[in-house]
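# Working through the structure, step by step
Take a look at the letters that make up each chain.
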Amino acid sequence: MQDKLIIFDTTLRDGEQSPGASMTKDEKLRIAKALEKMRVDIIEAGFPIASEGDFDSVKAVAELITDSTVCGLARALDKDIDRAAEALKPANSSRIHTFLATSPIHMKEKLRMEPDQVVEQAVHAVKRARNYTDNVEFSPEDAGRSEFDFLCRVIEQVIDAGATTINIPDTVGYNLPLYFGELIGNLIKNIPNSDKAIFSVHCHNDLGLAVGNSLSAVMNGARQVECTINGLGERAGNAALEEVVMTVRTRRDVFTCDTQLDTTQIMNCSRLVSSITGFPVQPNKAIVGANAFAHESGIHQDGVLKSRETYEIMRAQDVGWHANKMVLGKHSGRNAFRTRLEELGVTFEKEEDLNEAFSRFKDLADKKHEIFDDDLQVLVSDTIQDSMDEKIKLISLKASVETGETPKAEVTLSIDGKEQHANAEGGGPVDATYKAIESMVNSGCNLQLYSVNNITDGTDSQGEVTVRMDKDGRIVNGLGSDTDIVMASAKAYIHALNKVLAPAERAHPQL
Ligand code: KIV
Ligand code: ZN
């Protein structure tokens, strides 16, 4: 029997620390449900002391999730630990994750503490957390730049104080796989009570080495990896869950451990996180990128047709890629629609949401004869998004372009339940539409990025528009899709505006 590799997903905590990736409680609940369905062991749901919104989200995840352990982050401070414990109270299984920096630069410049004080505070924090749960994780923050002997000293003492998981973060993504693996192996070898805790790693991707460092650590004895869907996370992100999990699964000849994950759920989770956060997945991204299983070269195509293994090391369906076959059409009924959604892992709690999604499906089928799985996924995201009580809703849009004429747009919005109407001209129909919207909302946002991708093939494909906007240093992403890209652009803009205009719930979690 192989060792178990524990998967600790931090999409809802470190992932949310990506500028622009803040999520509402409902969005976090949807992601948590998808992670649970994928059989992730531990879901780090947030940082309860950071804000009321974060506390509420962690509590709601703790109430909802039954199969995965729900974790809350806390600095090594009494008030943080008490708050995390409070939020986690409803959980079936909970963990408190407390952290304190141990690198010389963090202790001196950030904490302004002596090493002895750091040891004392870390031990105190772990003991306090143990009063609430016997599942306590301690992270010596910036361990990747800490002195080895000091790290050993802190870790030995926090294990004695009751920490059951020791997480070694490469907080600034500075480490290299060979040495990071050696560090983990040496810690386990040199710390006398290391057998009383599981060793974990948490790697950031500043040098593009987060997955490599995590896997090297696993080869040297780490048995928990902290990671995020699509590699979302602070700065360049965290180790991508899908890459870690599929490497271990694919290279069973090398790894002596495996995860319990249902990898066929990976694509669903990836699409869900991307559509909620508005962070598109690059086409050449390993495992979940649109091209991950596409073969362009004739030699490769020929080889794959003769024997798949000539150029493929994994099966696309094992990570949840479905042959993008036509699943439904104009004549498909409600039952077929519901069944296909269930196969894709989507269920609606309220019958009226299913009805709304079905009515959108019928509208889409009128415009586009072949409805693919990817179309269904965005349709569901749009339905859920629109069912939320948002401040701004799009009522109607008319945009016109004609050779020799200035593009124009007429937009009607509902703002706080009141209809407003505006016309504008612009460099193109999208520009005119955005000017019309802005003349009613006066958000003062700065548009940083605008991009369009087709969701499926063909000119009747839905276009997916991503926008990134900032206001007073706060960044938000918006996503919209439609067979008409001007309409998709308007939806994306309004999605982002609603995020900007709901600051309380979407407070950035980092203190
Ligand atoms: O990167 C980091 O050090 C963290 C800790 C809180 C584990 O996110
Ligand atoms: Zn981190």
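Residues numbered from 1 in each chain as written. Chains lettered and ligands numbered in written order. Predicted model: local features only at pLDDT ≥ 70, side-chain atom pairs only at ≥ 80, totals over all residues. Heavy atoms only, no water.

## Quick notes on the coordination of the zinc ion (ligand 2)
Protein-derived coordination of the zinc ion (ligand 2) comes from Asp14 (OD), His202 (NE2) and His204 (NE2), at a distance range of 2.0 to 2.1 Å. Between consecutive donor residues of the zinc ion (ligand 2), the sequence gaps follow D-x187-H-x1-H. With respect to class, His202 is no different from His204; both count as buried. (Donors = N, O, S within 2.8 Å, 3.2 Å for Na, K, Ca; no water. Buried < 20%, exposed > 50% of the residue type's maximum accessible area, 1.4 Å probe, protein only.)

## Comments concerning the sheet that holds strand E15 (residues 463-471)
Reading across the sheet, the 3 strands line up as E14-E15-E16 and stay open at both edges, with antiparallel pairing between neighbours. Strands at the two margins of the open sheet, each flanked by one partner only, are strand E14 (446-454) and strand E16 (474-482). Pairwise comparison of adjacent strand axes, ignoring direction, gives a mean angle of 15° for this sheet. Of the strand pairs in this sheet, E14 and E15 are connected by 8 bridges, and their pairing is antiparallel. Residue Ser451 lies in a different strand from E15, and its bridge partner there is Thr466. (Pairing = 2+ DSSP bridges. Helix = DSSP H or I, 4+ residues; strand = E, 2+ residues; numbered from the N terminus. Axes fitted to C-alpha atoms, helices over the stretch in contact; angles between N-to-C directions.)

## Some thoughts on the domain arrangement of the protein chain
Taken domain by domain, the protein chain comprises domain 1 (3-277), domain 2 (334-386) and domain 3 (390-501). In this complex, domain 2 contributes 11 residues to the contact, which on the side of domain 3 involves 14 residues. Across the pair Asp482 and Lys367 runs a salt bridge whose closest N-O atoms are separated by 3.9 Å. The interface formed by domain 2 and domain 3 holds 1 residue pair in polar contact (both at pLDDT 80 or more) in total. Those elements giving two or more residues to the side of domain 2 that touches domain 3 turn out to be helix H13 (351-367) and helix H14 (373-387). In terms of residues, the side of domain 2 that touches domain 3 owes the most to one element, H14, which gives 6 residues. Its residues assigned to classes, the side of domain 2 that touches domain 3 shows 3 nonpolar, 2 polar and 6 charged. (Domains from an automatic or database assignment. Contact = heavy atoms within 4.5 Å. Salt bridge = Lys/Arg side-chain N within 4 Å of Asp/Glu carboxyl O. Polar contact = N/O pair within 3.5 Å; in protein donor to acceptor, adjacent residues only side chain to side chain. Nonpolar A, V, L, I, M, F, W, Y, C, P; charged D, E, K, R; others polar.)

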